[in-house]
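Summary of structural features
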Amino acid sequence: MHETPAWASLAYLISGVLFILALRGLSSPTSSRSGNRFGMLGMLIAVATTLALHGTGLVEIGIAIAIGGVIGFVTARRIAMTDMPQLVAAFHSLVGLAAVLVAAAAFLNPDAFGIFDTATGHINPVSRVEMGLGVAIGAITFSGSVIAFLKLNGNMSGAPIMLPGRHVINLGTIAAILGLIGYFVTDDAQWVFFTITALSFLIGFLLIIPIGGADMPVVVSMLNSYSGWAAAAMGFTLHNTAMIITGALVGSSGAILSYIMCKAMNRSFISVIAGGFGAAEGATAVGGKTDRPWKRGSAEDAAFLMGQAEQVIIVPGYGMAVSQAQHALREMADLLKAEGVRVKYAIHPVAGRMPGHMNVLLAEAHVPYDEVFELEDINSEFAQTDIAFVIGANDVTNPAAKTDKSSPIYGMPILDVEKAKTVLFLKRSMGGVGYAGVDNDVFYMDNTMMLLGDAKKMVEEIVKSMNH
């Protein structure tokens, strides 16, 4: 492998700086657009530099880029915002699979990758470590992301699937993978490499299957981190500085985000890595208890109550995303503000199906950033609030997280909507439960009025009532 020219090293350095600026920009909604532009420019420089260094096979590479670009463009144009979490999981799976394929190519043709030691007739030991780690992390990312996609897309139950003796199986499999990677340094036989690959695919499935739906946003964040580390490991194998920088940035930022989310949810970071953190032993999901008394309201009732309020806190959840109600919701909020009502939005860290899901939807509807508050900043205000307007956010408002140790969401901080003077809870029907599969006592409280039906249509009816 030839030494990287000075101009290429400088170009990779510039792309790395742009990636850092991209992450900095994406840390705030107000600077997210510029952050995306920095990231796109950095990737363009990195790809162009790599192609310039490659020199051969540019036609084939160009065809592959064109095919992938068309698929990506069409997918981005057609994908609904409600399906964004599934799309992110699918992207992570492709990154993991790419790492596996690159590692396999390097293993089967080491001389082309400059990792073959002619003196010994084997792949050099350092490259074996990089290759072993890269294929393991990539395979775990791929299979774990496939399970996450199936859960998010509804092809697999969002409830935890608890395998007997899963902790022993998982720890044993992980130990076997690490042991084989260590052995791979001394023996680069094909059976060792492909056994590492197979076991890594298996542990990816086993780690994600036991995780409950309420914790899926953390899973998406964690898989994002895994995909970064897989890319970084392959960057070492390919001697590509840009891949190392990009992978390290994605891996570290994903890990930090996962840690922050775990702290916000009162989950253990280690238990996320171990898998099965979405449901403790003995935790059970309870179906809807529609035989309990509850009060049903209409759009006219909701419009009247909110029109008389001094402050309304809107709590969006996945129900808002499914019905694409964010634009109607903003219109409702604008009407309330015109009447002198203070309107705020309360966002739970895991509302929706991925980190920042609700923030993205509200930003799409041009909701002012200064009206959107995180859980820790607004939770104390519910006790002094006239109306808590909950739109499809079941699990993140469920008091069972504080009181019921048998609940799969026990210990997760929630938005204290039940403390408001009146709770207007909008959901499709009383028969359904949240993604975690547990009923919500808020439905049956004296200060709660249930608004049943499609979220977008119900909010639109409320808007019509306000205009009359």
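Numbering of residues starts from 1 in each chain and follows the order in which that chain's sequence is written. It should be noted that, the model being predicted, local features are given only for residues of pLDDT at least 70 and side-chain atom pairs only at 80 or more, the latter also being counted only at that level, while totals for whole chains, interfaces and linings use all residues. Note that water and hydrogens are dropped before the side-chain values are worked out from all heavy atoms of the structure.

Attention now goes to the overall build of the protein. The helix and strand tally for the protein stands at 17 helices and 8 strands. The C-alpha radius of gyration of the protein comes to 25 Å, within 12% of the 23 Å expected for a compact globule of 468 residues. Considered along the principal axes of its C-alpha atoms, the protein spans approximately 85 × 50 × 35 Å. Accessibility here uses a 1.4 Å probe with only protein chains present; expressed as a share of the type maximum, an area under 20% marks a residue as buried, one over 50% as exposed, and anything in between as partly exposed. A burial count over the protein gives 46% of its 468 residues as buried. Long-range contacts, defined as pairs at least 24 residues apart, comprise 79% of the intrachain contacts of the protein with a sequence gap of at least 6. In this count, Lys and Arg are taken as positive residues and Asp and Glu as negative ones, while His and the chain termini are left out. Charge positions are represented by NZ for Lys, CZ for Arg, CG for Asp and CD for Glu. Within the protein, the 35 negative side-chain charges are centred at a point lying 4 Å from the centre of the 28 positive side-chain charges. Only DSSP runs of H or I with at least four residues qualify as helices, and only runs of E with at least two residues qualify as strands; both kinds are numbered from the N terminus onward. In this setup the radius of gyration rests on C-alpha atoms only. A globule is expected at 2.2 Å times the number of residues raised to 0.38. Here a residue-residue contact requires only that any non-hydrogen atoms of the pair lie within 4.5 Å.

Let's shift gears to the nonpolar core. Across soluble globular proteins, nonpolar side chains have a tendency to be buried as a group. The biggest cluster of nonpolar side chains holds 42 residues, and the ones touching the most others in it are M131, A148, F184, F193, I196, I208 and V219. If you list the elements that add at least two residues to this core, you get helix 4 (84-108), helix 5 (125-152), helix 6 (166-184), helix 7 (190-208) and helix 8 (216-238). Discounting residues that sit within four places of it in the chain, F193 has contacts with A103, A104, F107, M131, V135 and F184. Residues belong to a common nonpolar core when they are buried Ala, Val, Leu, Ile, Met, Phe, Trp, Tyr or Cys residues joined through side-chain atoms within 4.5 Å. By size, the runner-up hydrophobic cluster in this structure holds 39 residues, among which are V343, I347, V367 and V372.

Let us look at a negative patch on the surface. Patch rule: a residue counts if its relative accessible area is over 30% and it has no salt bridge; like charges are joined within 9 Å, and nonpolar side chains (Val, Leu, Ile, Met, Phe, Trp, Tyr) within 5 Å. For the area figures, the Shrake-Rupley method with a 1.4 Å probe applies, and any residue is considered shielded solely by the protein chains shown. Salt-bridge detection follows one rule: a side-chain nitrogen of Lys or Arg within 4 Å of a carboxyl oxygen of Asp or Glu. Side chains of E300, D301, E331, E460 and E461 sit close together on the surface and give a patch of like negative charge. Looking at the negative patch, the elements that each hand over two or more residues are helix 11 (299-307) and helix 17 (455-467). Of note, E461 is situated in helix 17.

Oppositely charged side chains are able to pair whenever their charged atoms sit close together. Taken as a whole and judged by the stated rule, the model has 10 salt bridges. The partner of K402 in a salt bridge is E418, and the shortest N-O contact between them spans 3.2 Å. Of the two residues, K402 sits in helix 16 (residues 400-403) while E418 sits in the loop between helix 16 and strand 7 (422-427), which places them 16 residues apart along the sequence. We classify K402 as partly exposed; its relative accessible area is 42%. The exposure class assigned to E418 is buried, which follows from its relative accessible area of 16%. One connected set of salt bridges, linked through shared partners, spans R330, D334, K337 and E371.

Turning to unusual backbone geometry, a few remarks are in order. A positive phi angle, close to 60°, is found at H239, a residue other than glycine. Along the chain, H239 falls in the loop between helix 8 and helix 9 (241-265). Its relative accessible area of 40% is what places H239 among the partly exposed residues.

Our next topic: the confidence of the model for the protein. In the predicted model, the protein carries a mean pLDDT of 85, and the fraction of residues at 70 or more is 90%. The pLDDT score gives, residue by residue, the confidence of the prediction method on a 0 to 100 scale. Low pLDDT, under 50, characterises residues 277-289; the stretch is placed with 40 contacts to residues that sit more than four places away or in other chains.

This next bit is on the pairing of strand 8 (residues 448-452). Most of strand 8 sits out of view: 5 of its 5 residues are buried. At least two bridges found by DSSP between two strands are what make those strands a pair. Where strand 7 lies against strand 8, 5 bridges are found, and the strand directions are parallel. When the sheet's bridge partners are listed, K427 is paired in strand 8 with L452.

Below, the discussion takes up the packing of helix 4 against helix 5. Each axis is a line fitted through C-alpha atoms, taken for helices only over the stretch in contact, and angles between the N-to-C directions span 0 to 180 degrees. Running from N to C, helix 4 and helix 5 point in directions that differ by 155°, and their axes come no closer than 7 Å. Classed by the angle they form, the pair helix 4 and helix 5 counts as roughly antiparallel. Read as a crossing pair, helix 4 and helix 5 show a hand that is left-handed. Residue composition of the contact of helix 4 with helix 5, grouped by class: 17 nonpolar, 8 polar and no charged. Every angle not falling under 35 degrees, over 145, or within 65 to 115 is termed oblique; those three ranges are roughly parallel, roughly antiparallel and roughly perpendicular. Handedness of a helix crossing follows the sense of rotation of the near helix relative to the far helix, less than a right angle counterclockwise being left-handed and clockwise being right-handed. Polarity classes work like this: nonpolar for Ala, Val, Leu, Ile, Met, Phe, Trp, Tyr, Cys and Pro, charged for Asp, Glu, Lys and Arg, and polar for all others, with Gly in that last group.

The next point concerns the environment of V322. Within the secondary structure, V322 is located in helix 12 (residues 318-323). Its relative accessible area of 42% is what places V322 among the partly exposed residues. Each C-alpha atom, one on V322 and one on K456, is 9.1 Å from the other, the two residues being 134 residues apart in sequence.

Attention now moves to the sheet that holds strand 5 (residues 372-374). The strand order across the open sheet built from 6 strands is 5-4-3-6-7-8, with neighbouring strands paired in parallel fashion. The strands lining the two open edges of the sheet, one partner per strand, are strand 5 and strand 8. Strand-to-strand, the axes of this sheet are offset by a mean angle of 25°, without reference to chain direction. Here helix 13 (residues 326-338) sits on the sheet in contact with strand 3 (311-316), strand 4 (342-347) and strand 6 (387-391), set at roughly 145° to strand 4.

Another aspect to go through is helix 5. How far a helix is expected to stretch is found by multiplying one less than its residue total by 1.5 Å. In this model, helix 5 (28 residues) spans 40 Å end to end at C-alpha, consistent with the 40 Å of a helix rising 1.5 Å per residue. Looking one or two residues beyond helix 5, the residue adopting positive phi is G154, at roughly 85°.

Glancing now at the side chain of T141. With respect to the helices and strands, the residue T141 is situated in helix 5. A residue is classified by how much of its surface remains accessible, and T141, at 0% relative accessible area, is buried. Only 2.7 Å separates the side chain of T141 from the backbone oxygen of I137, close enough to count as a polar contact. Once you skip the residues sitting within four places of it in the chain, T141 turns out to touch H92, S93, G96, L223, Y226 and S227. In protein, a polar contact requires one atom able to donate a hydrogen and another able to accept it; more generally it is a pair of N or O atoms within 3.5 Å, and residues adjacent in sequence count only if both atoms are side-chain atoms.

Further remarks concern the packing of helix 5 against helix 6. Taken N-terminus to C-terminus, the directions of helix 5 and helix 6 make an angle of 155°; their axes are 9 Å apart at the nearest point. Taken together, the axes of helix 5 and helix 6 are roughly antiparallel relative to one another. With respect to the hand of their crossing, helix 5 and helix 6 are arranged in right-handed fashion. Residue-level contacts link R128, M131, G132, L133 and A136 of helix 5 to I177, I181 and F184 of helix 6. Residue composition of the contact of helix 5 with helix 6, by class: 6 nonpolar, 1 polar and 1 charged.

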